[in-house]
Structure formats: structure tokens, C-alpha cells
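Observations on chain architecture
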Amino acid sequence: MVFVEKGQLDVLDGAFVMVDATGIRTHVPVGGLACIMLEPGARASHAAVVLAARAGTLLIWVGEAGVRLYAAGQPGGARSDKLLWQARMALDDTARLNIVREMFHRRFGEEAPEKRSIDQLRGIEGSRVRTIYDNLARRFGVTWKRRNYDPGNWDTADTANRCLSQATACLYGLTEAAVLAAGYAPAIGFLHTGKPLSFVYDIADIYKFDTVVPEAFRIAGQAEKGRLHGKDPVRETRIACRDSFRRSRLLEKVIPDIESILSAGGLDRPKPPVDAVGPAFADPAASGEEGQRG
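Now for a description of the structure that goes with this document.

Basis of the calculations
Residues numbered from 1 in each chain as written. Predicted model: local features only at pLDDT ≥ 70, side-chain atom pairs only at ≥ 80, totals over all residues. Heavy atoms only, no water. Axes fitted to C-alpha atoms, helices over the stretch in contact; angles between N-to-C directions. Helix = DSSP H or I, 4+ residues; strand = E, 2+ residues; numbered from the N terminus. Contact = heavy atoms within 4.5 Å. Nonpolar A, V, L, I, M, F, W, Y, C, P; charged D, E, K, R; others polar. Pairing = 2+ DSSP bridges. Disulfide = S-S within 2.5 Å. 1 Å grid on protein atoms, 1.4 Å probe; cavity = no way out; pocket = protein on both sides within 12 Å on 5 of 7 lines; lining within 4 Å. Points joined across faces, edges and corners; volume = space filled by probe spheres on them.

Brief notes about the packing of helix α3 (residues 93-108) against helix α6 (residues 198-208)
One way to put it is that α3 packs onto α6 with a least axis distance of 8 Å and a crossing angle of 35°. Between α3 and α6, the contacting residues are Met103, Arg106 and Arg107 on the first element and Phe199, Asp202, Ile203, Asp205 and Ile206 on the second. A per-class count over the contact of α3 with α6 returns four nonpolar, no polar and four charged.

Considering the sheet that holds strand β2 (residues 7-12)
One open sheet holds the four strands; their spatial order is β4-β3-β2-β6, and the pairing between them is mixed. Only two strands of the sheet have a single partner each, and these edge strands are β4 (25-27) and β6 (42-44). Going from strand to strand, the sheet's axes swing by 30° on average, the running direction of each strand aside. Sitting on the sheet, helix α1 (residues 46-55) is in contact with β2, β3 (15-19) and β6, with an inclination near 70° to β2.

Quick word on the state of the cysteines
Taken as a whole and assessed by the stated rule, the structure comprises zero disulfides. The thiol of Cys163 is not disulfide-bonded; the next cysteine sulfur, from Cys241, is found 9.4 Å away.

Brief notes about empty space enclosed by the protein
All chains considered together, the criterion is met by two cavities of 30 Å³ or more. In this structure, the largest cavity spans a volume of roughly 50 Å³. Every residue along the wall of the largest cavity is listed here: Met103, Arg107, Glu125, Leu191, His192, Asp202, Asp205 and Ile206. Mapped by element, the contributors of at least two residues to the lining of the largest cavity are α3 and α6. Top contributing element to the lining of the largest cavity by residue count: α6, with three residues.

Considering the layout of surface pockets
Volume-wise, the largest pocket comes out at about 500 Å³. Around the largest pocket sit 19 residues that line it, and Tyr133, Arg147, Tyr149, Thr168 and Tyr172 are the ones nearest its centre. Going through the elements one at a time, α4 (118-140), α5 (159-182) and α6 are the ones with two or more residues in the lining of the largest pocket. Looking at which element gives the most residues to the lining of the largest pocket, the answer is α5, with five residues. Of the residues in the lining of the largest pocket, the class split is eight nonpolar, five polar and six charged.

By themselves, these observations are geometric and do not establish any function.
And the structure:
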């Protein structure tokens, strides 16, 4: 997958290219990409979108480094095999529990307690998360009571909670992009259920305390000590998350981890359909349609 910013995606002389402000063309091998992340400043022509769809390359409009997901093209790249596999395991009690246990192991670095239901594991995780919040608050000198915020009344939350909300929103944006790029459904979760982004929450929780949550507490601590010099701590949190994503190349790690986590369910992966990935036409005019430019 590639990130594109500050350029125009187009089809020129039969090739998929990005054109920058000076007119320089950079060829993009659209047929060999799972997805193209369009960051701020990127534009896509009709011909480019058509060619990407034919090649089975997902276009995702994101914020800087994926801190937001605004829109996506054809979700999952028109794949049905992965969606069916995900749904089968979510509906199979044994497979679902196996996946939740694998998520627990990756999140806390130890095996989940034996003979525990998903609800019981959820309760254990909640207790551990509260302990992690307390430890991070002490580490960064943050006045901390508990995780408490009202999405409909943002300003009533304290600085630490607002920074945490911003940080997790950034991580959810990147994770949703990864879930879509990998060909899965954001709504079909295993530990989390019943929400449009249940699977996104499942996957994001694995990385949350190693990435964005410490950044949120660090900046909240700086704000309490007056070290931000009038800067908005919420905006500074978003910038810190963006820089962290780029530095760690987190998105490249998430997609293989999704595949590995789901494999823990124990159900055989179905074979992809013959037409799982569309033909990578070099020229959109090859199908008789108009739209080629240049």
C-alpha cells in the first residue's frame, strides 16, 4: 500500500500516475497495490478511480498518516471470501473465544486465564486497563480520576480525557483503514459487538497502550505543568499520534497481525473466488469506456 499527498492521481498516456504541482509524473503500480491512502492535498480523477476499481485497489481518503478515515472506495476490494470467513468465526462460539484469547495474549503479553467466558475476559481486561491508566497518570504527573467523557458535551471532560479521546480516535482511523485494506468488515467484531466499528475496536485495543495512550498522557502532563505555552493539548495529541504512526510504520504491522489473529480461530480459510481481484487494466479505454486523459 502507498500513501499519496499533495498530488493529482490520474490516468495519463495509459498509465496510472500522480502529478505534483510542478507537473512531474510519478507512475503508481496500481495493479500491485492493495490500497492507496489519499492524505490531505490529494485528488483523484474519475479515470483514476475507475482504473483503481478495475484493478481491485482500494482507495481510502484519510487524514495525515491515517489519523482519520473519511471515506473508502469499494470496501474490501470486492472480496467475499474474507468477509465470509470473518462472519463464520464470529458466529462460531469456539472460534470466537479462541480469537478473543489471542487478542488478550497480544494485548497483555500473557495467556488468557483458562475456562473464562468472553464476558469474563472482558471484565478482566477492564480491570487491567484501569490499572494501566493509573500507572501512566503517575508516570507523567497527570491528575487522574477515571476515564470519563461525554461525546455530546466535549468541553466538560478534563484535559487528560480529551487527549485520550483524540488519541484513540486517531488510532481508530488508522485501524479502520487497515481493516478495509485487508478486506474485512469493520462491524463484525469478536470482543466488541453491535457497533459499526466493533472489529476496529478489537484490533486497535491491541496497540493502544503501546502507541497513542502514552502520548496522550505525556501531552496532558505537559499541559498541566504549563509547558505547552498556550498550544491546544488536543491538537498536540493528534500531531504526536500522526508522527508516531509515520515513525513506527504502524499500518504495515496491523494488516499481517489481523490475518494472524483471525487464524487463531481455528476455522479453515476459504479459497478466494476466481474473480477475487479484478483485472489490472493498463488502459481504461481497453474496456470500451471513455475517460482516458493525456
